[in-house]
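Summary of structural features
Here's the letter readout for the chains.
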Amino acid sequence: MTSLAAIDPATGTTFAETPVTPVEEVVEVVRRARAAQPGWAARPVAERARVLRRFQGLLFERRQEVAELISRENGKPVAEALLTELAVTLDLARYYLRHGPRLLRPRRVRHGNVALWGRRGWVHWEPLGVIGIISPWNYPLMLPFGELLPALLSGNAVILKPSEFTIRTALLGAELLREAGVAPELCPVLVGGGEVGRALVEAGADKIFFTGSGATGRKVAVAAAERFIPVNLELGGSDPCLVLADADLERAVSGAIWARFSNGGQTCVAVKRLIVEQPVYDAFVERLLRQVAELRVGHGREPGTDVGPLIRESQVRELERQLAATVARGARVRAGGRRLPALGPTFFEPTVVTDLPLDAPLWREEVFGPVLPVVAARDVEDAIRIANDSRFGLSASIWTGDRARGERLARRIHAGAVLVNDATTHVGAAETPHGGEKESGLGRSHGEWGLYETCRVRFVGSDRLDLMRKPWWFGYHPASLADRDAFLRFAFAPRWWERLRAIPGALRLLLNRRPV
Ligand code: NAD
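Residues numbered from 1 in each chain as written. Predicted model: local features only at pLDDT ≥ 70, side-chain atom pairs only at ≥ 80, totals over all residues. Heavy atoms only, no water.

**Quick look at the packing of aromatic side chains**
How two aromatic rings sit relative to each other is set out by the distance from centre to centre and by the angle between their planes. What counts is decided by this rule: Pairing of aromatic side chains requires ring centres within 6.5 Å, counting the rings of Phe and Tyr and the six-membered ring of Trp. Pairs whose planes differ by under 30 degrees are stacked, by over 60 edge-to-face, and all others tilted. Secondary structure counts use DSSP, requiring at least four H or I residues in a row for a helix and at least two E residues in a row for a strand, with both numbered from the N terminus. Working definition: with a 1.4 Å probe on protein chains only, accessible area under 20% of the residue-type maximum means buried, over 50% means exposed, and in between means partly exposed. Comment: the charge-over-ring label is applied if NZ (Lys) or CZ (Arg) is within 6 Å of the ring centre and within 35 degrees of the ring normal.
By the definition in use, this model includes 6 aromatic pairs. Summarising the aromatic geometry, the rings of phenylalanine 55 and phenylalanine 145 are spaced 5.6 Å apart at their centres and angled 5 degrees between planes, so their arrangement reads as stacked. Here phenylalanine 55, found in helix H2 (residues 45–61), pairs with phenylalanine 145, found in helix H5 (residues 142–153); they are 90 residues apart in sequence, far enough to count as distant. For the residue pair phenylalanine 55 and phenylalanine 145, the accessibility class agrees, reading buried in each case. Centre to centre, the rings of tryptophan 137 and phenylalanine 368 are 5.7 Å apart; their planes meet at 80 degrees, and the pair counts as edge-to-face. Here phenylalanine 368 lies in the loop between helix H12 (361–364) and strand S13 (371–377) and tryptophan 137 lies in the loop between strand S5 (130–134) and H5, a separation of 231 residues in the sequence. For tryptophan 137, a relative accessible area of 11% corresponds to the buried category. Classification of phenylalanine 368 by relative accessible area gives buried; the value is 15%. If you follow arginine 72 out to its NZ or CZ, it ends over the ring of phenylalanine 15, 4.4 Å from the centre.

This is the structure we're talking about:
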C-alpha cells in the first residue's frame, strides 16, 4: 500500500489520497525528532507557549474549515464537530497555556525528617524526550491534540500516528502547528495503519500515548513493556448511566440520548448501559422512545442532522452481530434496529433495546454505534451492583433529584469519572482528568494529570549542613548505639519529654565529626 484513501463515510467515496509513511522510515523520523527536541526544550516555557498560542489562534480562525473536514472524514455533524472537537481543543489549549507554565515550575520539597533538615530539595519536571501518540478516528482532533499540546508545552518532540481513517484531519492540525512555528521534524505525522503504529512503538519513543480498542492497546502495552517504554492507555468503555427514581426524567432522557447517539454512538465515554430504577422504568422508556423517534439521521454536512453514519461497513456489521445475538437471547428491539441504505452505506437507525439478559453481547461488550440497551434495577443498591459488574471502568453517570446523594453514590462506582446529572462532558472540561479503571486503561490525560504524564520527575537535593555528621554514616561501633537510639527517640518518640531527653545523645551523634 503506497497511499491511503480518505473516505467520506456518508457516501463511501474517496475524496483524497495520502502517501503512506514506509515502515522502514519510522526509525529515521524518531531519530530526527530526537535531534530536534533538545533545542525546543531549551527554549523558555513562555516561548514555547507563545508558539502554541499562535496555533490556538490559527485553529480558532480556521475552525469552520477544520469542522467541515472532520465531518467529511468521520461523518459527525458539523455542529457537533464545532462543539465536541474545536471548542474542546481550543479549551484544552486555553487551559495549558494559562496554567502549564506555572505547573511546570520546579516544586520545592520540604523534608520533615530531622535527619534531613539541612537539605534543600526541588522536583523538576523534565520533558520525556520523544512522545508517540497513536490515536483513533472517533475524535480525530480533540483526542490527539489534547495529548500533543501539553507534550509540546513541556518540551517534548511528538510523533503523531493518527487513525488510518482520519489522516486528513491530523495533517491539517499539523499544518497549523507548522504555521505557528513548530519545526516539522519536532512534530511529524506518520501516515499508515497498524503496521506503522507498531513500528513507532518498536522505534523506541520515550513514551506512548495510545487511545483505541482494548485489543490493540494490549498489543501496544506488550511491545512497549519489552522495551521498558511507559504507556498511557485510553481504551474502550461500557459506561453505565443510572437513572434514580427521583430524577428529572425529561433531563435524564435528553442527557442520555445525547450521550449515547452523538458521534453516531461511537464515543468511548458514551452511555452504553442504561440502568433505570424500577418505579420510573416504564415512564422513562416511554419518554426515551418518544425522543429517539425525533432524532434526525443524515449526512453530517446537512444542517439539522443529529446522527451521522458509522465510520465503516465493518463497524455496522459488528453492531448487527451484537444486536442479533442479543435479540436471540430474548431482547426486544423497541426502536430502530436496521440499516438505512437509502442514506448511504453505513447509516444505522437509532436503536433502543429492552428486556435483555445481562450476559448478552449488547451489555457485556463495548457497543460502538447507535444502539442503547436499557434495563430495570430493583433499587439503588441493585443499580450500583449492575453498574460495577463490568470489565470496563471508563466513566459513568447518575441522574437524581438529590445531588448530594448522587455525589455520595458516585464514589461507589468503579470508573475514572462519574458525573451527576450530566454524562460524558467531563472529557470536554480541560481541567478534569480523563482515563479509566479496569480494562478501560492506564494513566490520565487532560488537566494537570495529563501534563505531568508527559514529564519525567527529576529530584535535585543539596545539603547545606556541611558540619554535621550523617547519623547513618559508618562507624557502627557498639558505643554509638545509644546515641543512634537517642536520635530515633528525638525524631519519633510519641511524648515530647522523651524527645527532649534524647537531645544530648542525638546532638552527640550529629555533631561528632569523627567516627563514633
Ligand atoms: P484501534 O485500536 O483499532 O486503533 C487505534 C489506533 O491504533 C489506530 O491509529 C491504529 O492504526 C493503531 N494500531 C492498530 N494496530 C496497532 C498496533 N499493533 N500497534 C500500534 N498501533 C496500532 O481503535 P479504533 O477503532 O481506531 O478506535 C475505537 C476504540 O477506541 C474504541 O474501543 C473506543 O472506546 C476507544 N477509544 C477510547 C478512548 C478513551 O479515551 N478511553 C477515546 C476514543 C476511543
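**Some remarks on the nonpolar core**
Let me state the cut-off plainly: Put simply, buried Ala, Val, Leu, Ile, Met, Phe, Trp, Tyr and Cys residues joined by side-chain atoms within 4.5 Å make one nonpolar core. Each domain's extent is set by a domain assignment, obtained either automatically or from a database.
In this structure, Leu148, Leu152, Leu177 and Ile208 are the most contacted members of the largest nonpolar core, which totals 84 residues. No fewer than three residues from each of domain 1 (23–235 + 448–458) and domain 2 (239–438) sit in this core. Of all hydrophobic cores here, the second largest spans 29 residues; its members include Leu310, Val316, Ala415 and Val420.

**Let's talk about the pairing of strand S6 (residues 157–161)**
For the record, the criterion: At least two DSSP bridges between two strands are required for those strands to pair. The definition of a right-handed crossover adopted here requires that, viewed with the strands pointing away, the path from the first strand over the helix to the second runs clockwise.
Among the 5 residues in S6, 5 count as buried, and that is most of the element. Here S5 runs beside S6; their pairing, made up of 5 bridges, is parallel. Directly across from isoleucine 131, in S6, lies its bridge partner valine 158. Between the parallel elements S5 and S6, the chain passes through H5 in a crossover that is right-handed.

**A few points about empty space enclosed by the protein**
The test is simple: Buriedness for pockets is judged along seven lines, at least five of which must meet protein on both sides within 12 Å for an open set on the 1 Å grid over protein atoms alone, while cavities are sets there where a 1.4 Å probe fits but cannot get out, and lining residues have an atom within 4 Å of a point. Grid points are joined across faces, edges and corners, and a volume is the space filled by probe spheres set on the points. Under the scheme applied here, ten amino acids are nonpolar (Ala, Val, Leu, Ile, Met, Phe, Trp, Tyr, Cys and Pro), four are charged (Asp, Glu, Lys and Arg), and all others, including Gly, are polar.
All chains considered together, the criterion is met by 4 cavities of 30 Å³ or more. If you add up the space inside the largest cavity, you get close to 60 Å³. Those elements giving two or more residues to the lining of the largest cavity turn out to be strand S9 (239–243), helix H13 (380–388) and strand S14 (392–393). Residues that form the lining of the largest cavity fall into these classes: 6 nonpolar, 6 polar and 3 charged.

**Observations regarding the sheet that holds strand S8 (residues 231–234)**
Pairing within the open sheet is mixed, and its 5 strands lie in the order S6-S5-S7-S8-S18. One side of each edge strand has no neighbouring strand; the edge strands of this open sheet are S6 and strand S18 (441–442). Of the pairings in the sheet, the one linking strand S7 (residues 207–211) to S8 comprises 4 bridges and is parallel in character. When the bridges of S8 are listed, threonine 211 appears paired with glutamate 234.

**Some thoughts on the packing of helix H16 (residues 481–492) against helix H18 (residues 503–511)**
Quick reminder of the rule: Axes here mean lines fitted to C-alpha atoms, for a helix over just the part in contact, with angles spanning 0 to 180 degrees between N-to-C directions. By the definition used in this description, the sense in which the near helix is turned from the far one sets the handedness, with an anticlockwise turn below a right angle giving left-handed and a clockwise turn giving right-handed. Contact criterion: two residues are considered in contact whenever any of their non-hydrogen atoms come within 4.5 Å of each other.
At a closest axis distance of 7 Å, the pairing of H16 and H18 adopts a crossing angle of 115 degrees. Here H16 runs over H18; the crossing is left-handed. Of H18, the residues touching H16 (which contributes Asp483, Arg484, Ala486, Phe487 and Phe490) are Ile503, Gly505, Ala506, Arg508, Leu509 and Leu510. Split by residue class, the contact of H16 with H18 holds 7 nonpolar, 1 polar and 3 charged.

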